[in-house]
Amino acid sequence: MRVLLSEQQIQERIREIATQIHTDYEGKKPILIGILKGSFVFLSDLIRELEMELEVDFMATSSYGDATTSSGVVQLTKDLDVAIEGRDVIIVEDIVDTGLTLRYLRQLLLQRFPASLAVCTLLDKSARRQVEVPVDYCGFDIEDGFVVGYGIDYAQKYRQLRFVAIIEEDFNE
Ligand code: PRP
């Protein structure tokens, strides 16, 4: 396992993103939607840097296939608790990879007529994109490789790490 982003790098970048969101949503009360499970660590640190009125809700999706690649079939496993019509919505993701999850979520949420819909992700593997999706706030554009930590798992492990690491090919649990 090799550290890709240190705790300090992540926290510094989150403060920068929070400043940007604060400026862009001046006088508004956005709803931040965390996509479970991976985003919960990022979301919780992000909202504590955002000194503004906001709401939080969650959605969950699952995509079928093996553990490391998406099959392209996205299913909603948990919907929002709140209505978003006329609201400023920010989807918060830990990572955007193929873009399939985000495309599905955006299509779903746009049908509910939010006032605006933005995407904030900590990590972006933009080189692996299969479908084009807009990313408004991005923490780090990263190389391809299997990342863990800071909310992201490998077989449900390592979500609690304070940093983001890459699992090397010869990785032994
Ligand atoms: C990850 C991530 C995104 C999705 C991105 O979730 O949180 O939701 O994959 O991949 P895509 O761009 O190729 O669609 P994952 O399926 O690992 O679930 P988890 O967050 O519950 O671990």
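Residues numbered from 1 in each chain as written. Predicted model: local features only at pLDDT ≥ 70, side-chain atom pairs only at ≥ 80, totals over all residues. Heavy atoms only, no water.

Draft legend 1. Geometry of the overall build of the protein. The helix and strand tally for the protein stands at 3 helices and 9 strands. Reading the protein from its N end, one meets helices and strands in the order β-α-β-α-β-β-β-α-β-β-β-β. The C-alpha atoms of the protein give a radius of gyration of 16 Å, which matches the 16 Å a tight globule of 173 residues would have. Overall, the protein is about 50 × 35 × 25 Å in size when its C-alpha atoms are taken along their principal axes. Split into buried and exposed, the 173 residues of the protein put 44% on the buried side. At a minimum sequence separation of 6, the contacts of the protein that also span at least 24 residues come to 65%. Summing over all exposed atoms, the protein offers an accessible surface of approximately 9000 Å²; the carbon and sulfur share of this is 46%. Mean positive and mean negative side-chain charge positions of the protein (18 and 30 charges, respectively) differ by 3 Å. (Helix = DSSP H or I, 4+ residues; strand = E, 2+ residues; numbered from the N terminus. Rg over C-alpha atoms; globule rule 2.2 N^0.38 Å. Buried < 20%, exposed > 50% of the residue type's maximum accessible area, 1.4 Å probe, protein only. Contact = heavy atoms within 4.5 Å. Areas by Shrake-Rupley, 256 points an atom, 1.4 Å probe, with all protein chains shown as cover. Lys, Arg positive; Asp, Glu negative; His and termini not counted. Charge placed at Lys NZ, Arg CZ, Asp CG, Glu CD.)

Draft legend 2. Here's a closer look at the sheet that holds strand E9 (residues 164–167). Strands sit in the order E1-E9-E8 across an open sheet of 3 strands; the sheet is antiparallel. At either margin of the open sheet sits one strand with a lone partner, and together these are strand E1 (2–5) and strand E8 (146–148). Strand after strand, the sheet turns through a mean of 40° between neighbouring axes, direction not considered. (Pairing = 2+ DSSP bridges. Axes fitted to C-alpha atoms, helices over the stretch in contact; angles between N-to-C directions.)

Draft legend 3. Molecular detail of the site of the ligand. Lining the immediate surroundings of the ligand are 15 residues, of which Glu93, Asp94, Thr98, Gly99 and Thr101 lie closest. Here Asp97 contributes a backbone N or O atom positioned 2.8 Å from an oxygen atom of the ligand. Taking Asp153, its side chain carries an N or O atom lying 3.1 Å from an oxygen atom of the ligand. Contact with the protein chains removes 80% of the 500 Å² of surface that the ligand exposes when unbound. Every element with two or more residues in the shell around the ligand is listed here: strand E5 (88–96) and helix H3 (100–110). Looking at the shell around the ligand, the element that brings in the most residues is E5, giving 4 residues. (Near = heavy atom within 4 Å. Polar contact = N/O pair within 3.5 Å; in protein donor to acceptor, adjacent residues only side chain to side chain.)

Draft legend 4. Spotlight on the pattern of salt bridges. Counted according to the given criterion, the structure contains 14 salt bridges. Ionic pairing is found between Asp45 and Arg48, a salt bridge with its closest N-O pair at 2.8 Å. Here the residue Asp45 and the residue Arg48 both occupy positions in helix H2 (residues 40–49), the gap between them amounting to 3 residues, near one helical turn. Judged by relative accessible area, Asp45 falls into the buried class, the value being 16%. With its nearest N and O atoms 3.8 Å apart, the salt bridge here joins Asp144 to Arg128. Here Asp144 is found in the loop between strand E7 (137–141) and E8, whereas its partner Arg128 is found in the loop between strand E6 (116–124) and E7, with 16 residues between them in sequence. Exposure remark for Asp144: the relative accessible area of 51% places this residue in the exposed category. Members of the salt-bridge network, linked through shared partners, are Asp97, Lys125, Arg128 and Asp144. (Salt bridge = Lys/Arg side-chain N within 4 Å of Asp/Glu carboxyl O.)

Draft legend 5. Up close: the nonpolar core. Ranked by internal contacts, the top residues of the largest apolar core, which has 29 residues, are Ile21, Phe42, Leu46 and Leu123. Residue contributions to this core peak at 5 residues, all from helix H1 (residues 7–24). With sequence-adjacent residues up to four places away left out, Leu123 is seen in contact with Leu5, Asp94, Ile95, Val96, Phe140, Ile142, Val147, Ile152 and Val164. (Core = buried A, V, L, I, M, F, W, Y, C linked by side-chain atoms within 4.5 Å.)

Draft legend 6. Geometry of H3. Listed as buried for H3 are Leu100, Leu102, Leu105, Arg106, Leu108 and Leu109. Elements that come into contact with the buried residues of H3 comprise strand E2 (31–36), strand E3 (55–63), strand E4 (74–78), E5 and E6.

Draft legend 7. The pairing of E6, seen in detail. Of all 9 residues that make up E6, 8 are buried, and the element is covered over most of its length. Note that E5 and E6 share 8 bridges and pair parallel. In the strand pairing of E6, Val92 is matched with Cys120. Between the parallel elements E5 and E6, the chain passes through H3 in a crossover that is right-handed. Where E6 and E7 come together, 4 bridges link them in parallel fashion. Counted as the bridge partner of Leu123 is Phe140 from E7. (Right-handed = clockwise from strand over helix to strand, strands pointing away.)

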